[in-house]
Amino acid sequence: STQSTGSSVEPMHQHCSTLRLFWWLALVSATMVTAVPARPHVLLIVADDYGWNDVGFHQNAASSANPSGDPTTNHPLKTPVIDRLAMEGTKLEMYYVQPLCSPTRGTLMSGRYPSHTGVGPQVIKPTHPYAMPKAEVLMAQKFKQAGYSTHIVGKWHLGYCDERYSPTFRGFDSFTGYLNGAEDYFNHTRQDSGFQGLDLRRSNSTTSSAGTLPSAYRGAHGTYSTDLFTGEVSRILHERPSDTPTFVYMPFQSVHGPLEAPQSYIDLYPATMEKSRRTYAGMVSALDAAVGRLEDMYKQAGIWNLSLIHISEPTRLLSISYAVFCLKKKKKETKIQQPIIQLKQLTDHT
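Residues numbered from 1 in each chain as written. Predicted model: local features only at pLDDT ≥ 70, side-chain atom pairs only at ≥ 80, totals over all residues. Heavy atoms only, no water.

1. Examining the overall build of the protein chain
When its secondary structure is counted, the protein chain shows eight helices and 14 strands. Expressed as a percentage of its 350 residues, the buried residues of the protein chain come to 55%. In the protein chain, the share of contacts with a sequence separation of at least 24, taken over all contacts with a separation of at least 6, comes to 67%. Carbon and sulfur atoms make up 53% of the accessible area of the protein chain, which totals about 15000 Å². (Helix = DSSP H or I, 4+ residues; strand = E, 2+ residues; numbered from the N terminus. Buried < 20%, exposed > 50% of the residue type's maximum accessible area, 1.4 Å probe, protein only. Contact = heavy atoms within 4.5 Å. Areas by Shrake-Rupley, 256 points an atom, 1.4 Å probe, with all protein chains shown as cover.)

This is how it looks when you write it as structure tokens:
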């Protein structure tokens, strides 16, 4: 929307456009069911640096980027869970994203372009003395206003030059994850500008940690971050108030560099693959397995069919399930060809 000011046209301050997109997706899918709850739970998964051709349903198959279905790889990546969710749902594959971590997260959280927020065009590095401006209203704050409990599990990367710019001061009730980008997947350290240190924090409580920056967490050394973050969602679901809808924003570290994966996932692929590609393939399969565990968690909590999952939005009274995966584009890819997957209704076969 625009408003006229003399001879110039200024964009209106739209804090909620991203939220409106989610509710639009919910309404589209809701045409398949008879009732839609007022406040669905929300699980929003963001995969980091995940390539267009690195998901099973795009490989060696026709797609908007490969209309003729020409062969695209000699070693298809194993993503059975994501492939199944894609086939059960609706794929939205033509939309714009930003090419780097901080700008795309700032846009997702605020619904505003980097030219308005000032976050971008480059990433925020550990030594940079700026962050997402406090004047920007973020998605979590809007969910709080709507009566949700709000949680971030994974990567922040929107600045922390002052603790008041960190997640639990920006609308989130709890934060388990890291503040920078490109940390080690197993020891959770980050090195930059001659400095190196632990970059992992975990809120003591998932219900009463707002307004407090969690202390550094040293209890996960050696635990692969994909597994660590997935396990944290289990804690959130276990501790959640039964009468409150839950918003979980889950920006996975996967599959951003450095290239690291548990050997068991690397071994899913032939040793003849190029080493870095084989490791990356293992990272992709580890992410896919994590999505499967999340699905199991929501089913065990009895809210899979009561949820919007983007993997996006769970709510305690919803009779449908959705999933949306937002995949950040790589620099060399077409910027409008990034898939979102939205699950259709999943009936009661849980």
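2. Some words on the nonpolar core
Counting 44 residues, the largest nonpolar core has Y50, V233, M250 and Y298 as the members making the most contacts within it. Every element with two or more residues in this core is listed here: β3 (41–47), α2 (80–88), α6 (225–239), β10 (246–251), α7 (263–266) and α8 (275–300). The biggest single contributor to this core is α8, with 11 residues. Within the second largest apolar cluster, 21 residues are counted, among which are V42, Y148, W156 and Y249. (Core = buried A, V, L, I, M, F, W, Y, C linked by side-chain atoms within 4.5 Å.)

3. Considerations on the packing of aromatic side chains
The description of an aromatic ring pair rests on the distance of the ring centres and on the angle between the ring planes. For the structure shown, the criterion picks out eight aromatic pairs. Geometrically, the ring pair formed by W156 and F172 is edge-to-face, given 6.5 Å between the ring centres and 90 degrees between the ring planes. A residue pair is termed long-range when its members are at least 10 positions apart, and W156 in the loop between β5 (149–155) and β6 (174–178) and F172 in the loop between β5 and β6 qualify at 16 residues. Aromatic side chains F172 and Y249 sit 6.2 Å apart centroid to centroid with 20 degrees between the ring planes, which places their arrangement in the stacked category. Placement of F172 in the loop between β5 and β6 and of Y249 in strand β10 is noted, with a sequence separation of 77 residues between them. On the basis of relative accessibility, which here comes to 0%, the residue F172 falls in the buried class. Judged by relative accessible area, Y249 falls into the buried class, the value being 1%. The ring centre of Y269 lies 5.6 Å from the NZ or CZ of K78, which sits over that ring. (Phe/Tyr/Trp six-rings, centres within 6.5 Å; stacked < 30°, edge-to-face > 60°. Lys NZ or Arg CZ within 6 Å of the ring centre and 35° of its normal.)

4. Overview of the pairing of β10
The buried fraction of β10 is high, at six of six residues. Across five bridges, β3 lies against β10 in parallel orientation. Within β10, the position partnered with I45 by the bridge is M250. (Pairing = 2+ DSSP bridges.)

5. Thoughts on the packing of α2 against α8
Two numbers describe how α2 lies on α8: the axes approach to 7 Å, and their chain directions differ by 60 degrees. Relative to α8, the element α2 lies oblique. The segment α2 lies against α8, with P80, V81, I82, R84 and L85 engaging D288, V291, G292 and E295. Of the residues belonging to the contact of α2 with α8, the class tally is five nonpolar, one polar and three charged. (Axes fitted to C-alpha atoms, helices over the stretch in contact; angles between N-to-C directions. Parallel < 35°, antiparallel > 145°, perpendicular 65-115°, else oblique. Nonpolar A, V, L, I, M, F, W, Y, C, P; charged D, E, K, R; others polar.)

6. Concerning the confidence of the model for the protein chain
When the pLDDT values of the protein chain are averaged, the result is 81; 75% of them are 70 or greater. Mean pLDDT values for the elements of the protein chain range from 24 in strand β12 (residues 313–314) up to 98 in α7. Within the model, pLDDT remains below 50 along residues 1–16, and this stretch shows 25 contacts once partners closer than five positions in the same chain are excluded. Of the regions scoring below 50 in pLDDT, residues 344–350 engages in 18 contacts with residues more than four places distant in sequence or in other chains. (pLDDT = per-residue confidence, 0-100.)

7. With respect to the packing of α6 against α8
Interaxial distance between α6 and α8 falls to 10 Å at its minimum, and their mutual angle equals 10 degrees. Here α6 lies roughly parallel to α8, going by the angle between them. Counted together, T226, D227, T230, G231, V233, S234 and L237 of α6 and A286, L287, A290, R293, L294, M297 and Y298 of α8 form the full contact between these two elements. Split into classes, the residues belonging to the contact of α6 with α8 amount to eight nonpolar, four polar and two charged.

8. Quick notes on the pattern of salt bridges
Going through the model one piece at a time under the given rule, you end up with 14 salt bridges. Across the salt bridge formed by E295 and R84, the nearest N and O atoms sit 2.6 Å from each other. Here R84 lies in helix α2 and E295 lies in helix α8, a separation of 211 residues in the sequence. Its relative accessible area of 5% is what places E295 among the buried residues. The network of salt bridges with common partners includes R84, E88, E295 and K299. (Salt bridge = Lys/Arg side-chain N within 4 Å of Asp/Glu carboxyl O.)

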